[in-house]
Amino acid sequence: MLTKNMKAAYKFLTFIGAGLMLAGMTGCSADFLDREPTGSLTPEQIERSQWNSNVMLGMSNATTRIAISLSSSSQDDFGQKAIDIVSDMLSGDAAMRQNMYGWFRTDLLLDSYHSTSSRSLQFWNYNYSIIYEANGVISSSSGGTGEEPEDPEFKYYYAVGKTMRAYSYFNLVTLFGKNWSEGADDKVCPFVTYQSEDGVPVPGSTVDQVYDSIIVDLEDAITAFDNATAAGVRASGLSNPDVDVARMILAAALLQRGNVEADDYVRAKELALAVVNGSGCSVLPYNQLTTTGFNTVNPSNWLWGFDITTSNTTGLASFWGFMDIFTYGYADVGDIHGINSHLYDAIPATDGRKAWFLSPEDAETVGLGVGYAYAPWQKFYDPAYSLGGDRSWTNDLVFMRYEEAVLVAAEAAARSNDLNTSRQMLKLLLDQRDPAKSATVDAMDQNQLLDELFFEWRVELWGEGRSLLTMKRFKRNIQRSEASLYYPNVAVNYDDERLYFETPRSVIQNNPDFRN
């Protein structure tokens, strides 16, 4: 448990998670933070316990715009969940039949990747704002050395800072960089550390260098988390990245990089299995698939999430404002983000997740009309279940689930030819999703396992921002939805340049050393 003297730094650290909608929660109390306007946290600030709770949570309008949304006029600029929505749209697994209000239109058109696009700059600035805050915590908690501190309490702060910095760089290297196997030596983004001085241009790092730095940061974080825990220091509740989140980000990075010579798949499998077997979480049961709405923090299968309240909601400009037809927003009036029709058709009738999505026939039957077809009406929904009924926008957000650990373990095991472990993990999921299919897993060979896992990633984590990573990692093309406003039924290649963001032009102009 955190002591009273630890709360100031602890609360500040929730600001790092601010880009993830501020003050996240981890595990299987919404803490508040203050942030002094001078920037990086100092050791003296860490020691102080006088914090403004409103600013601390980072959910006042000004702080929210600085931390997670840099354009006060952009309704589709709301931090990590905006990245998740865009990622699923770019892959084609999420589609819109109409786009009356214009939000996410350039993504639908596959035209948001340009160096002059607002989306490119939005994603760049969002991640570097988190990196800046993380660097401040790393520097302050380590006394400016960048090394793990001796104080057990500061070890925890240091671990959170390292985790969040690595998470943001993983965002950048996968959004702006090609697959490691195809572009390891390409410049992708500057790796800015606690030593970097404000205003001093930083040369761009290659895809390979950024992955190496991500791995080092997360290894440091895991060690520091473990050492802090051994000394009796850990976060209470579900309020920041913990050691399981750090393990999962590292496992995801290793799986995405896929450097066989470095044993990436073996390491990813081991890390994910540590979470599967040690987190205390479990796969959401079959009989609860359509009863949770993913609207409330669920310690049984959420590894990382965020408790939205009336005091911190970003309102209409939010995940729920765009994704849920039962929340007042864009979806309830017809700008639906629905599942790809071809992916929906591929879900067997025996799979409980098919009920997550509104079929064209049921859309007519319930009186909504075909325009609402494929909406995630039983995956993401307000508990009152009234069309456009919720106007508080206080449903919670999930950033990482236990099921993702199961899928990482299954895929990494398949890729490292540990087929028995892969089958075991796949059955762990399918027993609670499609028992009929689960009964066929033992007969699957390596290629069949990978084919099935490509499908499982896209269905299980639909709407949670994993589809574009999956498409690129598996090097598979995806046929866009028949119900898509743009490019219906068109197959888009995983290496299409429109799926990779260009470095914002302003970055190149202001940092001539970037390409050197």
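Residues numbered from 1 in each chain as written. Predicted model: local features only at pLDDT ≥ 70, side-chain atom pairs only at ≥ 80, totals over all residues. Heavy atoms only, no water.

### Quick notes on the overall build of the chain
Next up, step 1: The helix and strand tally for the chain stands at 21 helices and nine strands.
Next up, step 2: In the chain, buried positions account for 62% of the 516 residues.
Next up, step 3: Of the roughly 18300 Å² of accessible surface on the chain, a fraction of 48% belongs to carbon and sulfur atoms. (Helix = DSSP H or I, 4+ residues; strand = E, 2+ residues; numbered from the N terminus. Buried < 20%, exposed > 50% of the residue type's maximum accessible area, 1.4 Å probe, protein only. Areas by Shrake-Rupley, 256 points an atom, 1.4 Å probe, with all protein chains shown as cover.)

### Examining unusual backbone geometry
Next up, step 1: Residue D263 is not a glycine yet carries a positive backbone phi of 60°.
Next up, step 2: With respect to the element layout, D263 can be found in the loop between α11 (243–257) and α12 (264–278).
Next up, step 3: Here D263 falls in the partly exposed class, since its relative accessible area comes to 46%.
Next up, step 4: For N489, which is not a glycine, the phi torsion comes out positive at approximately 65°.
Next up, step 5: Take N489: it is sitting in the loop between β8 (478–479) and β9 (491–492).

### Some words on the side chain of R119
Next up, step 1: Position of R119 relative to the elements: it lies in helix α7 (residues 118–141).
Next up, step 2: Of note is the side chain of R119, whose polar atom sits 2.6 Å from the side chain of D107. (Polar contact = N/O pair within 3.5 Å; in protein donor to acceptor, adjacent residues only side chain to side chain.)

### Observations regarding the packing of helix α5 (residues 80–91) against α7
Next up, step 1: Relative orientation of the contacting elements α5 and α7 amounts to 140°, with a least axis distance of 11 Å. Classified by the interaxial angle, the pair formed by α5 and α7 is oblique. Handedness of the α5/α7 crossing: left-handed. Contacts between α5 and α7 involve Q80, A82, I83 and V86 on the former and, on the latter, R119, Q122, F123, Y126 and N127. (Axes fitted to C-alpha atoms, helices over the stretch in contact; angles between N-to-C directions. Parallel < 35°, antiparallel > 145°, perpendicular 65-115°, else oblique. Left-handed = near helix turned anticlockwise from the far one by under 90°. Contact = heavy atoms within 4.5 Å.)

### So, the side chain of S422
Next up, step 1: Turning to its location among the elements, S422 is positioned in helix α17 (residues 419–430).
Next up, step 2: Its relative accessible area of 0% is what places S422 among the buried residues.
Next up, step 3: Once residues within four sequence positions are removed from consideration, S422 is found in contact with A410, A413, A414, L449 and L453.

### Here's the deal with α17
Next up, step 1: Helix length check: α17 (twelve residues) gives 16 Å between terminal C-alpha atoms against 16 Å at 1.5 Å per residue, within 8%.
Next up, step 2: Among the residues of α17, L419, T421, S422, R423, M425, L426, L429 and L430 are the ones counted as buried.
Next up, step 3: Contact partners of the buried residues in α17: α12, α16 (402–415), α18 (435–438) and α19 (446–460). (Expected span 1.5 Å × (residues − 1).)

### Points about the nonpolar core
Next up, step 1: Counting 149 residues, the largest nonpolar core has Y169 and I214 as the members making the most contacts within it.
Next up, step 2: At 15 residues, the largest contribution of residues to this core is made by helix α8 (residues 152–176).
Next up, step 3: The contacts of I214, once residues within four sequence positions are left out, are A166, Y169, F170, V173 and A253. (Core = buried A, V, L, I, M, F, W, Y, C linked by side-chain atoms within 4.5 Å.)

### Structural notes on empty space enclosed by the protein
Next up, step 1: The calculated volume of the largest cavity comes to roughly 320 Å³.
Next up, step 2: Along its surface, the largest cavity is lined by 25 residues, and F170, N171, G465, R466 and L469 are the ones closest to its centre.
Next up, step 3: Among the elements of the structure, α5, α8, α11, α16 and α20 (467–474) are those that each provide at least two residues to the lining of the largest cavity.
Next up, step 4: Residues that form the lining of the largest cavity fall into these classes: 13 nonpolar, seven polar and five charged. (1 Å grid on protein atoms, 1.4 Å probe; cavity = no way out; pocket = protein on both sides within 12 Å on 5 of 7 lines; lining within 4 Å. Points joined across faces, edges and corners; volume = space filled by probe spheres on them. Nonpolar A, V, L, I, M, F, W, Y, C, P; charged D, E, K, R; others polar.)

### Remarks on the pattern of salt bridges
Next up, step 1: Following the criterion strictly, the structure yields 32 salt bridges and no others.
Next up, step 2: Measuring nitrogen to oxygen at the nearest pair gives 2.7 Å for the salt bridge that ties K155 to E148.
Next up, step 3: A relative accessible area of 12% places K155 in the buried class.
Next up, step 4: Each of D351, R353, K379, R401, E403, R433, K437, E452, E456, E460 and E464 takes part in salt bridges that share partners, so that together they form one network. (Salt bridge = Lys/Arg side-chain N within 4 Å of Asp/Glu carboxyl O.)

### Points about a nonpolar patch on the surface
Next up, step 1: A cluster of nonpolar side chains, M100, Y101 and V333, forms an exposed patch at the surface whose accessible area comes to about 300 Å².
Next up, step 2: Tracing the sequence through the fold places V333 in the loop between α13 (319–323) and β6 (338–339). (Patch = residues over 30% accessible without salt bridge, like charges linked within 9 Å, V, L, I, M, F, W, Y side chains within 5 Å.)

### Focus: the layout of surface pockets
Next up, step 1: Within this model, the second largest pocket holds a volume of roughly 330 Å³.
Next up, step 2: As for the second largest pocket, its lining consists of 17 residues, of which F176, G177, K178, Y500 and F501 are closest to the centre.
Next up, step 3: For the lining of the second largest pocket, the per-class residue count stands at six nonpolar, three polar and eight charged.

### Considering the packing of α8 against α11
Next up, step 1: Across the interface, α8 lies against α11 with an axial gap of 10 Å and an inter-helix angle of 25°. When the interaxial angle is binned, α8 and α11 end up roughly parallel. Where α8 crosses over α11, the handedness of that crossing is left-handed. Taken together, the residues of α11 that come into contact with α8 (itself represented by T163, Y167, F170 and T174) are A246, I249, A252, A253 and Q256.
Next up, step 2: Grouping the constituent residues of the contact of α8 with α11 by class yields six nonpolar, three polar and no charged.

### Quick word on the packing of aromatic side chains
Next up, step 1: The full count for this structure, using the stated rule, is 28 aromatic pairs.
Next up, step 2: Relative to Y157, the ring of F154 has its centre 5.2 Å away and its plane inclined at 45°; by these criteria the two rings are tilted. Highlighted residues: F154 and Y157, both in helix α8, separated by three residues, approximately one helical turn.
Next up, step 3: Judged by relative accessible area, which is 1%, Y157 ranks as buried.
Next up, step 4: Three or more aromatic residues joined by ring pairs form one cluster here, namely F123, W124, Y128, Y169, F176, F191 and F501.
Next up, step 5: Lying over the aromatic face of Y344, K354 brings its terminal NZ or CZ to 4.6 Å of the ring centre.
Next up, step 6: Positioned above the aromatic ring of Y500 is the side chain of K472, whose terminal nitrogen or guanidinium carbon lies 3.9 Å from the ring centre. (Phe/Tyr/Trp six-rings, centres within 6.5 Å; stacked < 30°, edge-to-face > 60°. Lys NZ or Arg CZ within 6 Å of the ring centre and 35° of its normal.)

Read these as spatial facts, not as claims about activity.
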